[in-house]
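# Fold and contact review
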Amino acid sequence: MDILQNIINILLLIAAVLLVIVVLMQESNSSGLGSAFGSDTTSLTTRGKKASRERQLQKITVILGIVVAVLAILMVLMPWFTKLATPAESADTMLNAVRSIF
C-alpha cells in the first residue's frame, strides 16, 4: 500500500503543478480590481485561434481540477482501504484458531 500511496502522491503533485500552470496561462476575463470601483474599461472579445486556445485551457483546467479532487479523495481514503485489507488476514487467523480447537 505504501507504493500505491507514493504513486498517488506523485500524481497529485504533478496534477496540482499542471493546474497552477494552466490557470496562470489563461487570460483574465474581467478588468480586475478596477471594475469593482467603477472604472470605465471595456474588454474586447477574442476571436479565432485565441478564443479556441482559451476554450482549450478552460477544458484542461476543469479536467485537471477533477483529477486533483479525485486524487485528494483517494489519499484521504487510503487508510480506510488499508483497514479493509487487514481484516481478511485476521479472519483467516481466527478461522485457523477455531479449527485448531475442534
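Okay, so let's go over this structure. (Residues numbered from 1 in each chain as written. Predicted model: local features only at pLDDT ≥ 70, side-chain atom pairs only at ≥ 80, totals over all residues. Heavy atoms only, no water.)

Counting secondary structure elements, the chain contains 2 helices and 0 strands. Per-residue burial over the chain gives 12% buried out of 102 residues. Restricting the contact set of the chain to residue pairs at least 6 apart, pairs at least 24 apart contribute 93%. In the form shown here, the chain has an accessible surface area of approximately 8,300 Å², with 69% of it arising from carbon and sulfur atoms. (Helix = DSSP H or I, 4+ residues; strand = E, 2+ residues; numbered from the N terminus. Buried < 20%, exposed > 50% of the residue type's maximum accessible area, 1.4 Å probe, protein only. Contact = heavy atoms within 4.5 Å. Areas by Shrake-Rupley, 256 points an atom, 1.4 Å probe, with all protein chains shown as cover.)

As a further point, take a nonpolar patch on the surface. A cluster of nonpolar side chains, contributed by Ile 10, Leu 13, Ile 14, Val 17, Leu 18, Ile 21 and Met 25, occupies part of the molecular surface with about 630 Å² of accessible area. Relative to the elements of secondary structure, Val 17 occurs in helix α1 (residues 2-25). Val 17 sits in the partly exposed class, given a relative accessible area of 43%. (Patch = residues over 30% accessible without salt bridge, like charges linked within 9 Å, V, L, I, M, F, W, Y side chains within 5 Å. Salt bridge = Lys/Arg side-chain N within 4 Å of Asp/Glu carboxyl O.)

Tracing the sequence through the fold places Glu 54 in helix α2 (residues 49-101). No salt bridge forms around the buried Glu 54; measuring N to O, its nearest opposite-charge neighbour Arg 53 is 4.0 Å away. In this structure the side chain of Glu 54 is engaged in a polar contact, spanning 3.5 Å, whose partner is the backbone nitrogen of Glu 27. (Lys, Arg positive; Asp, Glu negative; His and termini not counted. Polar contact = N/O pair within 3.5 Å; in protein donor to acceptor, adjacent residues only side chain to side chain.)

Turning to the side chain of Thr 61, a few remarks are in order. Considering the arrangement of structural elements, one finds Thr 61 in helix α2. Classification of Thr 61 as buried rests on a relative accessible area of 18%. Once you skip the residues sitting within four places of it in the chain, Thr 61 turns out to touch Leu 19, Val 22, Val 23 and Gln 26.

Before going further, it helps to examine α1. For α1, spanning 24 residues, the distance from its first C-alpha to its last is 35 Å, which sits close to the expected 34 Å at 1.5 Å a residue. Of the positions making up α1, those classed as buried are Ile 8, Ala 15 and Val 22. (Expected span 1.5 Å × (residues − 1).)

Keep in mind these numbers describe shape, not what the thing actually does.
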